[in-house]
Amino acid sequence: MPIEPWSNAQVLALAPDPSSAKGARSVSGAAKWTAAGLDDDVLWGLCRGSGSNPYQACVDLTEPAYRCSCPSRKFPCKHALGLLLLWSDGGVSEQAAPDWVREWQEKRSTRAANAAAKRAQAGPVDQAAAEKRAGQRADRVTAGLTELDRWLTDQVTQGLAGAHRAGSGPYATMAARLVDAQAPTVAGTVRRVGEVVGVGSDWADRLLGELSLLRLLVAGHSRIEELPAELAATVRSRVGIPVTTDEVLAGPALRDRWQVLGHVDLPDERLVARRTWLHGTESGRSALLLAFAAPGQALPADVVPGTVIDAELCWYPGAFPQRALLARRHGTTPGGPPVGAVCVRDALAGWSAALAAEPWCDQVVMLLADVVPTEDGHLVDRAGDAIALRPADNPPWWLLAAAGGRPVPVVGEYGPAGFRPLAAWPEGEFLPAPARTSADLRSAQLPPELVSAALVGTGRRPFSAATVDIGGRALPVVSGADPAATLLDTAAVALTYQRAGVTPDPGRSPVEAAPAETRPPVSAPAARRLASLLADGGGPGGAELGQRLLGGWLRLAAERGYLAPAQCLPALLESGRRSSALRASLATVAGRRGGWLAAQNGEWSYLLTEATPDPDPGDWATGTPGERLAYLVALRRADPASGLDLLVGVFDDEAPEDRARFVGALANGLADRDEPLLERALDDRRKEVRDAAAGLLCGLPGSALGDRMARRALGYVRLDGGELVVTPPTECDAGMRRDGIPPKGPQGVGIGAWLLGEVLARTPLETWCGAFHRTAEEILTLPVADDWGPVLHRGLARAAVAQRDSQWLVPLADEMSRDLNRHDERLVAQLYETLSPSDLARYATAALRRSPGEALRVVELHPGPWPEPLADAVVESIGALIRGDHRTEWQAGELCRIAATALPPSYAAELAELADTIEREHPETRRGGMVRRLAATLTFRHEMYEELR
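Here the structure is a predicted model, which is why all the values come from computation and not from measurement.

Novice: Looking at this model, I keep getting lost on the overall build of the protein chain. Mind explaining?
Specialist: Looking only at helices and strands, one finds 40 helices and 19 strands in the protein chain. Considered along the principal axes of its C-alpha atoms, the protein chain spans approximately 120 × 75 × 50 Å. Within the protein chain, residue pairs in contact and separated by at least 24 positions form 66% of the contacts whose partners lie at least 6 positions apart.

Novice: Just checking my understanding: could you explain the packing of aromatic side chains for this structure?
Specialist: In this description, a pair of aromatic rings is defined by centroid distance and the angle of the planes. Scanning the entire structure with this criterion turns up eight aromatic pairs. Ring centres of Trp351 and Tyr414 lie 5.3 Å apart, and the angle between their planes is 80 degrees; this geometry places the pair in the edge-to-face category. Of this pair, Trp351 sits in helix H12 (residues 344-357) while Tyr414 is found in strand E13 (residues 408-415), placing the two residues 63 residues apart along the sequence. With relative accessibility at 9%, the residue Tyr414 sits in the buried group. Relative to Phe662, the ring of Trp620 has its centre 5.3 Å away and its plane inclined at 45 degrees; by these criteria the two rings are tilted. Within this pair, whereas Trp620 is found in helix H21 (residues 619-622), its partner Phe662 is found in helix H24 (residues 656-665), the two being separated by 42 residues in sequence. Given a relative accessible area of 1%, Phe662 falls into the buried group. Directly above the ring of Phe940 sits Arg529, whose terminal nitrogen or CZ lies 4.4 Å from the centroid. The aromatic ring of Tyr606 is capped on one face by Arg583, whose charged end is 4.2 Å from the ring centroid.

Novice: What is the right way to look at the pattern of salt bridges in this model?
Specialist: Where charged atoms of side chains with opposite charge meet at close range, the side chains can pair. Applying the stated criterion across every chain yields a total of 45 salt bridges. For Asp370, the salt bridge identified is with Arg382, shortest N-O distance 3.1 Å. Placement of Asp370 in strand E10 (residues 364-373) and of Arg382 in the loop between strand E11 (378-380) and strand E12 (386-388) is noted, with a sequence separation of twelve residues between them. A residue is classified by how much of its surface remains accessible, and Asp370, at 25% relative accessible area, is partly exposed. Arg508 is the partner of Asp376 in a salt bridge, and the nearest nitrogen-oxygen pair spans 2.4 Å. Linking Asp376 in the loop between E10 and E11 with Arg508 in the loop between helix H15 (483-500) and helix H16 (524-536), this pair joins segments that are 132 residues apart in sequence. Salt bridges sharing partners connect three or more residues here, namely Glu679, Asp683, Arg708, Arg712, Arg738 and Asp739.

Novice: How should I be thinking about the packing of helix H39 (residues 908-921) against helix H40 (residues 927-947) in this particular structure?
Specialist: In the contact formed by H39 and H40, the axes pass within 8 Å of each other and the chain directions differ by 165 degrees. It follows from the interaxial angle that H39 and H40 lie roughly antiparallel. H40 is crossed by H39, and the crossing has left-handed handedness. Residues Ala908, Leu911, Ala912, Leu914, Ala915, Asp916, Ile918 and Glu919 of H39 pack against Arg927, Gly928, Gly929, Val931, Arg932, Leu934, Ala935, Leu938 and Thr939 of H40. Residue classes in the contact of H39 with H40 are distributed as ten nonpolar, three polar and four charged.

Novice: Explain the side chain of Asp619 to me, please; I cannot follow it from the model alone.
Specialist: For Asp619, the position within the fold is in helix H21. The class for Asp619 is buried, based on a relative accessible area of 8%. In this structure, Asp619 is in contact with Arg592, Glu627 and Arg628, ignoring residues within four places of it in sequence.

Novice: Quick question: what am I supposed to make of the sheet that holds strand E1 (residues 33-39) here?
Specialist: Picture the strands of a sheet paired through backbone hydrogen bonds; they go either parallel or antiparallel. Ordered in space as E1-E2-E3-E4, the four strands form an open sheet in which the pairing is antiparallel. Edge strands, defined here as strands with exactly one partner in the open sheet, are E1 and strand E4 (65-68). For this sheet, the mean angle separating the axes of adjacent strands, direction not counted, is 10 degrees. The pairing of E1 with strand E2 (residues 42-47) spans six bridges and is antiparallel. Within E2, the position partnered with Gly37 by the bridge is Trp44.

Novice: What exactly am I supposed to notice about the sheet that holds strand E14 (residues 418-424) here?
Specialist: Pairing is antiparallel in the open sheet, where six strands are placed in the order E12-E11-E10-E13-E14-E15. The sheet is open, and its two borders are formed by E12 and strand E15 (431-432), each paired with just one other strand. The pairing of E10 with E11 spans two bridges and is antiparallel. Among the inter-strand pairings, Pro373 is bridged to a residue of E11, identified as Leu379. Here H12 sits on the sheet and contacts E10, E11, E12 and E13; the angle it forms with E10, its principal contact strand, is near 160 degrees.

Novice: I tried to follow H39 on my own but got confused; where do I start?
Specialist: Think of an α-helix as turning once every 3.6 residues; residues three or four places apart then point the same way. An ideal rise of 1.5 Å per residue puts 20 Å on 14 residues; H39 measures up with 20 Å between its terminal C-alpha atoms. Taken together, the buried positions of H39 are occupied by Ala908, Leu911, Leu914, Ala915 and Ile918. Buried residues of H39, viewed axially, fall in a sector of 115 degrees; they line one side. Exposed residues on H39 whose side chains face more than 90 degrees from its buried face are Ala909, Glu913 and Arg920. Contact partners of the buried residues in H39: helix H37 (868-882) and H40.

Novice: I'm lost on the packing of helix H9 (residues 203-222) against helix H10 (residues 229-239) in this one. Help?
Specialist: Helix packing geometry: the angle between the two helix axes and the distance between the axes. At a minimum axis separation of 10 Å, H9 and H10 run at an interaxial angle of 125 degrees. In terms of axis orientation, H9 runs oblique to H10. Here H9 runs over H10; the crossing is left-handed. Facing Leu217, Gly220 and His221 of H9, the residues of H10 in contact are Val235, Arg238 and Val239.

Novice: When you look at unusual backbone geometry in this model, what are you seeing that I'm missing?
Specialist: The bulk of non-glycine residues show a negative phi, and the bulk of peptide bonds are trans. The omega torsion of the bond from Asn394 to Pro395 falls at 0 degrees, within 30 degrees of zero and hence cis. Relative to the helices and strands, Pro395 resides in the loop between E12 and helix H13 (397-403). Phi is positive for Asp786, close to 60 degrees, though the residue is something other than glycine. On the secondary structure map, Asp786 appears in the loop between helix H31 (776-781) and helix H32 (789-803). Take Asp786: its relative accessible area is 64%, and that puts it in the exposed class. Its identity is not glycine, yet Asp787 carries a phi of approximately 55 degrees, on the positive side. Inspection of the secondary structure assignment puts Asp787 in the loop between H31 and H32. Overall, Asp787 belongs to the exposed group, its relative accessible area being 72%.

Novice: How should I be thinking about the pairing of strand E6 (residues 272-280) in this particular structure?
Specialist: Remark: a regular strand shows side chains that alternate across the two faces of the sheet. In terms of burial, E6 is largely enclosed, as nine of its nine residues are buried. Burial along E6 is two-sided: the face carrying Val272, Arg274, Thr276, Leu278 and Gly280 and the face carrying Ala273, Arg275, Trp277 and His279 are both buried. One ladder, built from nine bridges, connects strand E5 (residues 254-267) with E6; its direction is antiparallel. Bridge pairing in E6 links Gly262 to Trp277.

Novice: Any chance you could explain the side chain of Thr496 here in plain terms?
Specialist: Relative to the elements of secondary structure, Thr496 occurs in helix H15. Here Ala492 takes part through its backbone oxygen, which lies 2.9 Å from a polar atom of the side chain of Thr496. The contacts of Thr496, once residues within four sequence positions are left out, are Leu213, Leu355 and Pro359.

Novice: Explain the nonpolar core to me, please; I cannot follow it from the model alone.
Specialist: Side chains of a nonpolar character, in soluble globular proteins, are inclined to be buried together. One finds Trp553, Val717, Trp768, Trp808, Trp866 and Leu911 to be the most contacted residues of the largest nonpolar core, which totals 144 residues. When residues in this core are grouped by element, the largest group, eight residues, is from H37. Residues contacting Leu911, with those up to four places away along its chain left out, are Val875, Leu903, Val931, Leu934, Ala935 and Leu938. One finds Leu148, Val186, Leu207 and Val239 within the second-largest nonpolar core, a separate group that totals 50 residues.

Novice: It is not clear to me how the pairing of strand E17 (residues 473-476) should be interpreted in this structure. Could you clarify?
Specialist: Pairing analysis gives four bridges linking strand E16 (residues 467-470) to E17, with the strands arranged antiparallel. Each residue of the ladder has a partner; that of Val468, found in E17, is Leu475.

Analysis parameters
Residues numbered from 1 in each chain as written. Predicted model: local features only at pLDDT ≥ 70, side-chain atom pairs only at ≥ 80, totals over all residues. Heavy atoms only, no water. Helix = DSSP H or I, 4+ residues; strand = E, 2+ residues; numbered from the N terminus. Contact = heavy atoms within 4.5 Å. Phe/Tyr/Trp six-rings, centres within 6.5 Å; stacked < 30°, edge-to-face > 60°. Buried < 20%, exposed > 50% of the residue type's maximum accessible area, 1.4 Å probe, protein only. Lys NZ or Arg CZ within 6 Å of the ring centre and 35° of its normal. Salt bridge = Lys/Arg side-chain N within 4 Å of Asp/Glu carboxyl O. Axes fitted to C-alpha atoms, helices over the stretch in contact; angles between N-to-C directions. Parallel < 35°, antiparallel > 145°, perpendicular 65-115°, else oblique. Left-handed = near helix turned anticlockwise from the far one by under 90°. Nonpolar A, V, L, I, M, F, W, Y, C, P; charged D, E, K, R; others polar. Pairing = 2+ DSSP bridges. Expected span 1.5 Å × (residues − 1). Arc of directions from axis to C-beta. Polar contact = N/O pair within 3.5 Å; in protein donor to acceptor, adjacent residues only side chain to side chain. Core = buried A, V, L, I, M, F, W, Y, C linked by side-chain atoms within 4.5 Å.

Next comes the structure, spelled out in structure tokens:
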């Protein structure tokens with residue numbers, strides 16, 4: 001029976017680091033694999049690499065276990081992960097494995113058999129020697145804990161206020177002594193407690209709580225012979241007295257189908273620890289698997305989150321056993337929706353039971369059924385019971401985006417700071433939470449009188465209260481001979497009581513669910529490519545190219561009517577916050593859920609002002625500004641007169657920023673009937689409204705504003721004896737201001753030049769041909785007196801861009817192409833963008849063949865895709881520049897950068913051949929590399945286009 005593929009999220013959860021995930025995405029396309037197949041439970045494939053021989057990658061899906069012939073030291077490597085992604089997308093069929101896969105399987109079986117034989121042949125343990133070593137260690141541990149007890153009471157006697165000045169140094173010193181005493185676990189605890197000092201507003205409360213639990217552990221160890229066996233095992237574990245793997249595996253084993261709920265990585269300066277949580281589908285029991293690796297090394301990837309493993313587990317002994325070992329694995333299958341989820345009340349009751357059994361317990365796993373985030377940092381279930389999120393995980397944008405405010409199962413760790421989500425199952429699909437490494441700070445939990453006494457110090461003010469108040473209940477003080485010990489013992493009881501007594505928060509309301517979408521999401525490969533572009537650039541180039549590729553992805557997806565995957569929306573909205581160029585397309589692909597998210601986050605509110613797709617008549621009355629704008633635009637396109645009537649009825653009552661956007665919507669179907677409203681808008685209090693109205697009136701043939709501008713312009717520019725004579729204005733009168741002319745220009749520009757340019761930019765171009773009885777080409781060749789030519793031509797160019805008059809655009813482009821340095825580059829860009837693609841390509845092609853270096857700016861103005869003549873000229877110029885000396889190499893690099901997102905993808909093969917040639921001709925340089933990266937980018941774009949078909 002074939003194995004059901006894992007999801008993309010499950011595969012990428014195995015990546016040892018972000019760079020491996022990025023590499024996996026880059027080799028996950030079918031074009032990268034010359035062969036791939038699934039033979040029973042082994043996945044295998046041949047991946048194209050930089051050399052002549054493909055990399056041999058295979059994965060045993062039952063473990064999983066990995067093998068690849070690439071030189072990477074990461075497990076799994078990007079090729080193994082890429083093969084799994086290809087399988088996940090349905091790109092691998094059943095096919096017999098080649099011999100090298102069989103050899104790998106046989107070697108693994110042989111190694112496993114040899115290891116089992118060695119364990120069976122191991123000689124008997126010298127029991128007497130072992131007992132002697134254990135006794136010596138017990139003596140050292142006891143001595144170390146006795147010293148720790150004195151040190152703890154000293155901290156409280158002297159006052160914790162002094163700890164703020166001393167910092168974590170004394171804790172590190174005490175931890176080192178405990179390491180010498182062979183109590184490594186409690187040593188690590190002391191070192192971590194030192195990191196609490198001075199961090200956050202409630203640091204003294206947290207510090208006293210941790211010190212009190214250490215004191216409780218020392219007291220437990222001092223009476224370890226009197227404790228129940230399970231609790232004694234917990235104390236030994238917390239101190240650091242090890243239990244060997246063989247001892248654990250010798251205990252009772254439980255076989256079940258274990259759901260792999262999720263994992264969390266905890267970086268440390270010495271080790272990186274991974275906590276992986278399992279839940280038995282039949283037993284209902286939870287288990288914690290721990291794995292460790294040195295910083296920079298990969299953690300084991302043999303347990304896949306979101307899957308189900310058939311295995312036998314053995315637990316470490318303890319009063320509340322959580323940590324377990326995989327004793328024997330029988331198989332791995334894909335997981336569906338989780339089994340065994342409980343309500344919030346039952347989950348918190350489990351936490352209380354854990355603390356009752358083991359007061360040092362700092363986290364448990366909770367599998368919550370059908371919860372929804374609230375606006376105030378909680379998850380609430382169907383019964384209305386809520387559990388608080390960790391501050392670091394609030395708001396859970398990933399969960400809001402993926403589930404859309406609908407109830408879903410969520411798994412996470414719960415501890416004193418709150419609930420830390422690890423994964424969710426929106427629509428039954430496993431989705432891991434993004435990694436968060438922020439500090440796990442909890443609020444105050446101890447009675448203020450205990451904290452106050454500890455800060456001052458019992459040596460200065462002995463603690464003598466008979467009771468302390470915990471949630472309105474008087475808790476008796478644990479009295480003792482030493483005031484410091486009394487305070488610590490009382491704090492331990494109060495803290496455990498407070499933590500164990502947590503109950504669901506009532507009265508929390510879930511967020512309102514997101515509106516339903518009406519358009520389809522992109523395909524799985526396209527979704528994965530988007531995730532890659534958002535996470536790490538995703539393409540062959542750097543961050544700048546990645547941003548351009550992201551813009552291309554969004555435009556193409558918007559044109560083809562697709563929605564971005566919901567889980568990508570937070571990252572997409574962040575990208576749009578940083579780059580306004582992405583917003584128009586983003587508003588379309590984000591859909592209604594994107595607008596729903598933006599309404600809850602002030603930093604994303606920009607999306608609410610962008611026109612949204614699929615407008616609805618009801619949006620005009622109740623929608624966001626963006627939804628109302630979208631409806632008005634759609635109505636203007638279908639029935640301009642009705643759109644005008646709709647706007648006239650509400651125009652004066654709209655917010656100023658909305659009035660400006662709504663005026664802009666009249667550009668659709670602009671006609672004479674719109675002029676009265678636009679003339680009225682010229683008197684608006686807001687500059688944005690006046691500017692929008694003036695801009696439209698300038699482009700409306702026969703408008704009164706155009707006539708006013710024509711009269712002004714002909715008063716400033718006249719034809720005298722075959723020469724244009726300019727008499728610029730000297731001031732901006734009230735009429736000019738009303739018509740949208742700013743009274744002052746930028747520093748360094750004279751008032752006459754500024755006002756002349758502004759008037760010319762708003763003057764209908766037909767004015768000049770009618771007044772001078774000449775064509776546009778003839779007018780532009782006329783001499784201009786007193787060096788007013790650049791100002792005159794710049795104003796005419798602005799008018800040509802605004803009015804899109806082809807009779808003027810082409811001759812102005814010709815004139816400006818002769819000397820680009822004389823003109824404003826931004827204006828030149830606008831002029832070229834207004835040209836027809838064929839005209840712009842003609843100018844760019846001519847410029848490339850005349851002077852490739854100087855033509856870079858012209859080429860960059862063509863947004864692409866380039867027509868064939870221009871594309872041929874670019875490829876030709878790249879080859880010529882890259883073969884030149886070092887002075888032209890940077891020009892070739894710039895041309896490659898520009899071509900990356902504008903050159904048609906069909907040129908990839910030609911450029912790859914050019915890269916081969918350059919590398920043979922110049923083996924000592926990296927010139928061929930830039931061409932090869934360009935070819936790789938074109939291939940990337942081709943794959944991107946195919947995925948979005």
